[in-house]
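Now for the letters of each chain:
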Amino acid sequence: MKLGTQYYRPPFPEKKYWEEDFAHIKDSGLNTVQLWVLWAWVESKPGEFVFEDYDRLIEIADQKGLGVILSTIAEIQPYWISRVVPDSELIDHLGRKVISTNRDECNFGLTPGGCTDHPGVWDRMKSFLTEVVTRYRSVPNLRGWDAWNELRWNVQADGLVCFCPHTLAAFRNWLDRKYGGLEGLNEAWKRRYGCWEDVMPGKLPGRTYTEMMAFQHFLTWRANQHGKTRYDLMKSLDPDSPITVHACFPSPQAEGDSYDHAVNRGNDWFFADNLDGIGCSSFPKWWGQDDTSFSIRVDSVKSAAGDKLLWLSEVQGGRSNIGFDMSKPVDALSQQRWLWNGIACGADAVLFWCWRDEVFGKESSGFGITGNDGFALERLVAMKMTGRLIEEYSELISNYRPEKPEVGVMFSPQSYYLYWAQEGNARRPAQALEGYTRSLARKSIPYLIVEEEHLNVLSELKILFLPRTIVTDITTEKALEIFVKEGGTLVCESECGAFGPQGFYRYPEERFISRLSGIREIGRRSLTKDYFWTKIDGKKFNLGATQWLTPYWKDKGQVLANAKEGPLMVEIPVGKGKLTLCGAYLGDAYLHNWTADFENFVETMIRRAGWQPEIQLISPRLTKDSYVYIKSGQSGEKRVVFIFFPPDHDKAHLRFKANFFSGMHAMDIISGKEIDFLESKSGQECTLSAPKWRFSVLVGD
Ligand SMILES: [Zn+2]
């Protein structure tokens, strides 16, 4: 387990601090430092590489017993790039050359720099990466590489990119491969292009979907490809060290905006396919995120990472000060909750951002673990204790695997592309997905986010929710059909599969759910009130709805809810499984307006699909602002259970399934307390008291 901190973003912190800081870092229980190896800084003159500062930093780290993770920041490019590689600038959607400048968060170097589709830019980038890896691959304290920071490639482009000739050629090649030539494209797109040069990306949202969706899909692929290219090069030079990349946010949250197409920094699932693992940044106090939002982020990246490495590559160290705006300080216990929540989700590395407060630009005075937000001392005391625990239980933690989820929530990038193509962001599907995952996190039900092109995991699931999955292709539909016919439960929202991957609308009777279920939607109807009632197994649920309703034409199967013009929720057996069709959007409605009913509805659907909890919370009851969060897994033969208490409850009554702890006994490694369980008719029970840190990590046989 790497527990560390980001330290160096050249030229800060200055040299005079290094020795003392590294001694302090080691003394605080951390075992790793992360250093930004910045292309612009290292090769400030073409072909001349200066590594003095890194040599020294790595040497000091080694002397103090610290490992190093090197972040190769090839995306902050040298100032000479467009001089040495002419015409390599990105071109925006208005045909303007993108003028690169210093990044708002980096003192030296150009962003976005030259386009990596230009072979001259990649040649130069490649030689920088080669120099760095060759120089440091054999240092004894190297712990790994973070090959791409937050997957940035277009920040500060100040327009939609890239329309340069190299990227356009790459786009057309990608289409050519996908459709097997221009004729294939014309057939799929229903067009009559005469030559490839006429095929252009979409320019702005709100116009035809086809070429805009295609361009976004290409941009996702392109980012994945760039990550793989960096990885392949670095791995060929250093086969032994782990190499990951990390995003600013998990790809299901990449909803895009006026400068960003949806999912344009690549797709976590494909990074995980190609690399040793993936990571993610998280700044909960800065972004106003609660425990649930944090765990959703980590669970999302874990869903993509599978058995590969999961790095929490940037976790907030101290208060964020952005410009003259001050956010909440970072108290020690919040920080420890993030850290241990990360471990509970299966993280292999937790790296804080950063050690000292920043000293330049808008981040000045913020972010340091040792920073001046008034909580540095308590953070360091707590970190030291965690450092000790991580050392003491290193084997337990490194062998720990979270419980395998049997519940899935679909992430459909193609649906995101369509929403972005229409609305300029994919907020609706992103929020719909977040609504479902939020309800599951609050109920402590283990779940997997299922990416539409990685459906082999379906065989492990009992139920799959499809929030706002309005685009489906034949491959996805086939996999979903098999899933249902073999016993799975599919819960679809309004207009599921209403569009094909080229963005053409399908009439209700042409959609795969219609073929499977034998019933179809009657069309969009106005939402006259923003809720409806459903009755399942004798229990009534009041469910919020947004946007519109799409009731069903035929009354078939078991009707669970009605609208004025027909059934609104219907359950239909298909093969060994069943389809639950809901002609409304529930996930984003719940996200905007919390109800216990939605959470209970989701749990009821899951239990009806055959899932049984291993651990149940008997009390306290979950409320809007308070819930006990439980996460569990195994480490070898040992059970490991993480229990996070809310601020307003000091006790939690839990019931574990029979024989959960064969010894009827566990130890809380955080407080050191021994816990005994009582055998009851329905399992093993205990009432836990919140320790000082307000979470427990129970370990038992
Ligand atoms: Zn380009």
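*Asks:* Provide a residue-level description of unusual backbone geometry, including the pertinent values.
*Replies:* The step from Trp-353 to Cys-354 runs through a cis peptide bond, and the omega angle for that step is 0°. Looking at the element boundaries, Cys-354 is found in the loop between β12 (349–353) and α12 (376–392). Ser-619 connects to Pro-620 through a cis peptide bond whose omega is 0°. With a phi close to 65°, Asn-659 is a non-glycine residue in the positive phi region. Residue placement: Asn-659 occurs in the loop between β26 (651–656) and β27 (665–668). The exposure class assigned to Asn-659 is exposed, which follows from its relative accessible area of 59%. Non-glycine residue Arg-694 carries a positive phi angle of around 65°. Within the secondary structure layout, Arg-694 lies in the loop between β30 (683–689) and β31 (695–700).

*Asks:* Help me get a handle on empty space enclosed by the protein, residues and values and all.
*Replies:* This structure, assessed with the given rule, holds six cavities of 30 Å³ or more. What the largest cavity holds in volume is close to 80 Å³. What lines the largest cavity is simply Lys-178, Tyr-179, Trp-189, Thr-210, Met-213, Ala-214, His-217, Gln-414, Tyr-417, Pro-501 and Gln-502. Among the elements of the structure, α6 (165–179), α8 (209–237) and α14 (413–423) are those that each provide at least two residues to the lining of the largest cavity. Top contributing element to the lining of the largest cavity by residue count: α8, with four residues. Considering only residue class, the lining of the largest cavity consists of six nonpolar, four polar and one charged.

*Asks:* Report on the side chain of Lys-235, specifying residues and quantitative values.
*Replies:* Here Lys-235 lies in helix α8. Residue classification places Lys-235 among the buried positions, given a relative accessible area of 19%. Setting aside its immediate chain neighbours within four residues, Lys-235 contacts Ser-241, Pro-242, Ile-243 and Asp-276.

*Asks:* Can you tell me about the coordination of the zinc ion, naming the residues and giving the values?
*Replies:* Those protein atoms acting as donors to the zinc ion are Cys-115 (SG), Cys-162 (SG), Cys-164 (SG) and Thr-167 (OG1), and they sit at 2.1 to 2.3 Å. The sequence pattern formed by the donor residues of the zinc ion is C-x46-C-x1-C-x2-T. Assessed through its relative accessible area of 0%, Thr-167 is described here as buried.

*Asks:* Give me the packing of aromatic side chains: which residues, what numbers.
*Replies:* Under the defined criterion, the tally for this structure stands at 47 aromatic pairs. When the centroid spacing of 5.4 Å and the interplanar angle of 70° are considered together, the rings of Trp-286 and Phe-367 count as edge-to-face. Here the residue Trp-286 occupies a position in the loop between β8 (277–282) and α10 (291–305), and Phe-367 occupies one in the loop between β12 and α12, the gap between them amounting to 81 residues. A relative accessible area of 31% places Trp-286 in the partly exposed class. The ring of Tyr-585 has Arg-468 sitting right over it, with the charged end atom 3.7 Å from the ring centre. For the cation-ring pair, Arg-520 lies above Trp-553, with the distance from its terminal atom to the ring centre recorded as 5.0 Å.

*Asks:* Describe the layout of surface pockets, naming the residues involved and giving the relevant values.
*Replies:* Taken as a whole, the second largest pocket holds about 1,100 Å³ of empty space. Around the second largest pocket, the lining comprises 49 residues; the ones closest to its centre are Cys-248, Phe-249, Asp-257, Arg-265 and Trp-287. Among the elements of the structure, β6 (142–150), α10 and α15 (427–442) are those that each provide at least two residues to the lining of the second largest pocket. The element contributing the most residues to the lining of the second largest pocket is α15, with six residues.

Cut-off values and rules
Residues numbered from 1 in each chain as written. Predicted model: local features only at pLDDT ≥ 70, side-chain atom pairs only at ≥ 80, totals over all residues. Heavy atoms only, no water. Helix = DSSP H or I, 4+ residues; strand = E, 2+ residues; numbered from the N terminus. Buried < 20%, exposed > 50% of the residue type's maximum accessible area, 1.4 Å probe, protein only. 1 Å grid on protein atoms, 1.4 Å probe; cavity = no way out; pocket = protein on both sides within 12 Å on 5 of 7 lines; lining within 4 Å. Points joined across faces, edges and corners; volume = space filled by probe spheres on them. Nonpolar A, V, L, I, M, F, W, Y, C, P; charged D, E, K, R; others polar. Contact = heavy atoms within 4.5 Å. Donors = N, O, S within 2.8 Å, 3.2 Å for Na, K, Ca; no water. Phe/Tyr/Trp six-rings, centres within 6.5 Å; stacked < 30°, edge-to-face > 60°. Lys NZ or Arg CZ within 6 Å of the ring centre and 35° of its normal.

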